[in-house]
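Chain by chain, the residues:
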Amino acid sequence: MELGNLNLALGTLTAYDTDSSVSTGSLAYAVGTEMLGKELDMVQDMGAAMIQMMERSVTPELGGNIDVYV
């Protein structure tokens, strides 16, 4: 998880007005859910990158040589 997202979430909780009609627990739940969503997106991107790496490793010699005809 990125540290920037964590700082943003903590800043949101710190700036939260306690006199609001939304409870602190529900705000913490919403922030946590949003952060988990961001982390899920990141994990999915990493999985897609790993699949691409595995596909490329099947033919590692691909692109290793240049054929030039004069």
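Refer to the structure presented above.
A brief structural summary. (Residues numbered from 1 in each chain as written. Predicted model: local features only at pLDDT ≥ 70, side-chain atom pairs only at ≥ 80, totals over all residues. Heavy atoms only, no water.)

**Considerations on the overall build of the protein chain**
Within the protein chain, the secondary structure is distributed over two helices and zero strands. A buried classification covers 7% of the 70 residues belonging to the protein chain. Total accessible area on the protein chain is roughly 6,200 Å²; 62% of this is exposed by carbon and sulfur atoms. (Helix = DSSP H or I, 4+ residues; strand = E, 2+ residues; numbered from the N terminus. Buried < 20%, exposed > 50% of the residue type's maximum accessible area, 1.4 Å probe, protein only. Areas by Shrake-Rupley, 256 points an atom, 1.4 Å probe, with all protein chains shown as cover.)

**Some words on a nonpolar patch on the surface**
Residues Met 50, Met 53 and Met 54 make up a contiguous nonpolar surface patch of roughly 350 Å² in combined accessible area. Inspection of the secondary structure puts Met 54 in helix α2 (residues 24-57). (Patch = residues over 30% accessible without salt bridge, like charges linked within 9 Å, V, L, I, M, F, W, Y side chains within 5 Å. Salt bridge = Lys/Arg side-chain N within 4 Å of Asp/Glu carboxyl O.)

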